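# What the coordinates show
Chain residues, written in single-letter form:
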Amino acid sequence: MKFTDSNNYTLLADFYEFTMGNGYFENGMKDEIVHFDMFFRSAPDDASYVILSGLEQLIEYLENLHFDPEDIDFLRSKGIFSEDFLEYLANFEFECDVRAIPEGTVVFPSEPLVTVRGPAIQAQMIETMVLLTINHQTMITTKANRICKAAAGRPVTEFGSRRAQGYSGANVGARAAYIGGCNGSANTLAEQLYGVPALGTMAHSWVQMFDEEIDAFRAYAKVYPDSCFLLIDTYDVLHQGLPNAIQVFKELREQGYEGRGIRIDSGDIAYLSKACRKMLDEAGFPDVTIMASNSLDEYVIEDLLKQNAQVDSFGVGERLITSKSHPVFGGVYKLVAREEEGEIVPTIKISENVSKITTPGVKDVYRFYDKEKGKALADVIAVKGEEVPEGEYEIFHPLFTWKRKTLKNYEVRSLLEDIYIDGKLVYESPSLEEIREKVQRELGTLWDETTRLNSPQEYIVDLSPELWTIKDDLLKKHNSN
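Residues numbered from 1 in each chain as written. Predicted model: local features only at pLDDT ≥ 70, side-chain atom pairs only at ≥ 80, totals over all residues. Heavy atoms only, no water.

On to the overall build of the protein, then. Scanning the protein from N- to C-terminus turns up 17 helices and 21 strands. Its C-alpha atoms put the protein at 80 × 60 × 40 Å along the principal axes. Looking at the protein alone, contacts between residues at least 24 apart form 73% of all its contacts between residues at least 6 apart. Element-wise, carbon and sulfur atoms account for 48% of the exposed surface of the protein, whose accessible area totals about 22400 Å². (Helix = DSSP H or I, 4+ residues; strand = E, 2+ residues; numbered from the N terminus. Contact = heavy atoms within 4.5 Å. Areas by Shrake-Rupley, 256 points an atom, 1.4 Å probe, with all protein chains shown as cover.)

This is the structure:
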């Protein structure tokens, strides 16, 4: 596995992770084994699903998890940590088991995406980076996929580096967008780091550098005759920009080259694209493509195509790289079990807000597929190691238990895979192209009603009878106190 980030992010953690770690140490609990789940409660943009990504960067973080001498000196300077605890950190060795659902998998609310088992200090200490890494890329991958779905097969290029929340957001955001379906990114570094194709042509400043727009176009065509793509809205799209572009494309044709495309970055895209298409066709350039950019997202693109806009590709910036319509992915990291003398003791968090009540215990996640159609029928969260019966399986709503359905003629896949065992990496990350292809296969297993952009049908995620009973018993126990 080739890692792209060797920085030490060990101190990129909420301070309470260290204060609690010191507390565990001082209370003789440093070796107590605990289990945590990372999951989310609802999908952004009122969607029914998200696409998991960011696991490779989480592995990079865990592979480089250590405390440098200056880290220990900094923590010592806070004046609240014991020397024994600091010595433990100075000699730190990662010992946790980590399981996760692989990148590119379609996942749903309440399902454990990453599970961690290990000493309380260690399992707690990685909370921030587990959430930061998975939350951010999953959010961008999902947003990119929604935008690509709206584009209905037309290429979408990620244009958002300059609007991203920092350079890290721009880099891994480009990676996440590519996984989600974008054909490339304007971020050059993303290609060097991850292999995301770097794409782009010119800005308005190129045109403004010349006295006349047509001179700017000719100069560009001279340098890039076989890939000439012109930005035509610096001054006037229909009366200047496009006529100048057509003239340069004619000159290129005389030299044995063909113009590639035009880009419109402002104005009424639907009206302008239709007018440009007509003018290009009449001028003998039916193969010159039209690209649109400027504050696009899945809703704007969907609306443009409903208006029969003649757009062949899209450049999407700030609304993709920041997931502007829903810029927070609410993944959480919760304690679900402790081990006492080798026995697993499930734990639960209770809240008056029903959605915040956690599901206790150590789990597996199973996906049921229709054998004939290959479509996903439902997911079941079960106690780890719990057997799934063959033949038929009755699922029921975890809250409204009278809502039941019997699944038949199905195949079952377990979603969680081992990433670390006893602190040792046992997982080989797939290539970026393999993850990207996996996304498309995964989406192909969902019904259209589940993937539609507006008011999608809720996908069924149930608890197994055994897990439901554990949760119900803990709720009854705490309610009786």
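Past the structure itself, the notes keep going.
This part is about the UniProt feature "domain: Nicotinate phosphoribosyltransferase N-terminal" (unreviewed entry) in the protein. Taken from the UniProt record, the annotation "domain: Nicotinate phosphoribosyltransferase N-terminal" (unreviewed entry) applies to residues 11–135. With 42% helix and 17% strand, the stretch residues 11–135 has end C-alpha atoms that lie 19 Å from each other. (UniProt positions renumbered as here; feature names shortened; annotations may be inferred.)

What follows deals with the packing of helix α7 (residues 166–180) against helix α15 (residues 432–444). Taken N-terminus to C-terminus, the directions of α7 and α15 make an angle of 45°; their axes are 7 Å apart at the nearest point. Taken as axis vectors, α7 and α15 run oblique relative to one another. Note on element contacts: α15 touches α7 through Leu432, Glu433, Ile435, Arg436 and Val439, opposite Arg175, Tyr178 and Ile179. (Axes fitted to C-alpha atoms, helices over the stretch in contact; angles between N-to-C directions. Parallel < 35°, antiparallel > 145°, perpendicular 65-115°, else oblique.)

Further remarks concern the side chain of Arg436. Topologically, Arg436 is positioned in helix α15. Buried charged residue Arg436 carries no salt bridge. Nearest counter-charge: Glu433, at 4.1 Å. Within polar-contact distance, the side chain of Arg436 engages the backbone oxygen of Tyr178 at 2.8 Å. Apart from the residues lying within four places of it in its own chain, the contact partners of Arg436 are Tyr178, Ile179, Gly181, Cys182 and Asn183. (Buried < 20%, exposed > 50% of the residue type's maximum accessible area, 1.4 Å probe, protein only. Lys, Arg positive; Asp, Glu negative; His and termini not counted. Salt bridge = Lys/Arg side-chain N within 4 Å of Asp/Glu carboxyl O. Polar contact = N/O pair within 3.5 Å; in protein donor to acceptor, adjacent residues only side chain to side chain.)

Locating Asn135 in the fold gives a position in helix α6 (residues 127–150). Residue class for Asn135 comes out buried when judged on its relative accessible area of 12%. Each C-alpha atom, one on Asn135 and one on Leu242, is 43 Å from the other, the two residues being 107 residues apart in sequence. Contacts of Asn135, omitting those with residues within four sequence positions, involve Met38, Phe329, Gly330 and Gly331.

It is the contact of helix α11 (residues 237–254) with helix α12 (residues 269–282), at a shortest axis distance of 11 Å, that shows an interaxial angle of 40°. It follows from the interaxial angle that α11 and α12 lie oblique. Crossing geometry of α11 relative to α12 is assigned as right-handed. Between α11, through Val237, Leu238, Leu242, Pro243 and Ile246, and α12, the contact on the second element is made entirely by Tyr271, Leu272, Ala275, Cys276, Met279 and Leu280. For the contact of α11 with α12, the class distribution of residues is eleven nonpolar, no polar and no charged. (Left-handed = near helix turned anticlockwise from the far one by under 90°. Nonpolar A, V, L, I, M, F, W, Y, C, P; charged D, E, K, R; others polar.)

This part takes up the packing of aromatic side chains. Centre distance and the angle of the planes are the two values used to describe a pair of aromatic rings. Enumeration according to the criterion identifies 19 aromatic pairs in this entry. An angle of 15° between the planes, with centres 3.9 Å apart, marks the rings of Phe108 and Tyr459 as stacked. You can see Phe108 sitting in the loop between β4 (106–107) and β5 (114–119) and its partner Tyr459 sitting in the loop between α16 (448–451) and β21 (461–463), a full 351 residues away along the chain. The pair formed by Phe108 and Tyr459 is uniform in burial state, with each residue classed as buried. Measuring from centroid to centroid gives 4.9 Å for Tyr220 and Tyr224, while their planes differ by 45°, and the two rings are tilted. A relative accessible area of 40% places Tyr224 in the partly exposed class. The residue whose ring lies beneath Lys78 is Phe15, and the NZ or CZ to ring-centre distance is 5.3 Å. Taking the ring centre of Phe396 as reference, the NZ or CZ of Arg404 above it sits at 4.8 Å. (Phe/Tyr/Trp six-rings, centres within 6.5 Å; stacked < 30°, edge-to-face > 60°. Lys NZ or Arg CZ within 6 Å of the ring centre and 35° of its normal.)

This part is about the UniProt feature "domain: Nicotinate/nicotinamide phosphoribosyltransferase" (unreviewed entry) in the protein. Per the UniProt annotation, the sites labelled "domain: Nicotinate/nicotinamide phosphoribosyltransferase" (unreviewed entry) are residues 156–326. Secondary structure across residues 156–326 comprises 49% helix and 12% strand; the distance between its end C-alpha atoms is 20 Å.

Between the first and last C-alpha of α15 there are 19 Å, a value that for 13 residues agrees with the 18 Å anticipated at 1.5 Å per step. Burial in α15 covers these residues: Leu432, Ile435, Arg436, Lys438, Val439, Glu442 and Leu443. For α15, the arc enclosing every buried residue in end-on projection is 155°, short of the 170-degree limit, so these residues lie on one face. (Expected span 1.5 Å × (residues − 1). Arc of directions from axis to C-beta.)

Pairing is antiparallel in the open sheet, where seven strands are placed in the order β13-β12-β1-β5-β3-β19-β20. Each having just a single partner strand, β13 (343–346) and β20 (424–425) make up the two edges of the open sheet. Taken together, the four bridges between strand β12 (residues 332–340) and β13 define a ladder with antiparallel strand orientation. Each bridged residue has a counterpart across the sheet, and for Glu339 the counterpart in β13 is Ile344. Strands in contact with helix α2 (residues 55–63) are β3 (97–100), β5, β19 (417–421) and β20; relative to β19, the strand with the most contacts, it is inclined by about 10°. (Pairing = 2+ DSSP bridges.)

Let us look at the pattern of salt bridges. Inspection of every chain in the model, using the stated rule, returns 30 salt bridges. Arg99 serves as the salt-bridge partner of Asp364, at 2.7 Å between the closest nitrogen and oxygen. Remark: Arg99 occurs in strand β3 and Asp364 occurs in strand β14 (residues 363–370); sequence separation between them is 265 residues. Since its relative accessible area comes to 8%, Asp364 is described here as buried. Arg367 is paired through a salt bridge with Asp379; the nearest N and O atoms lie 2.8 Å apart.

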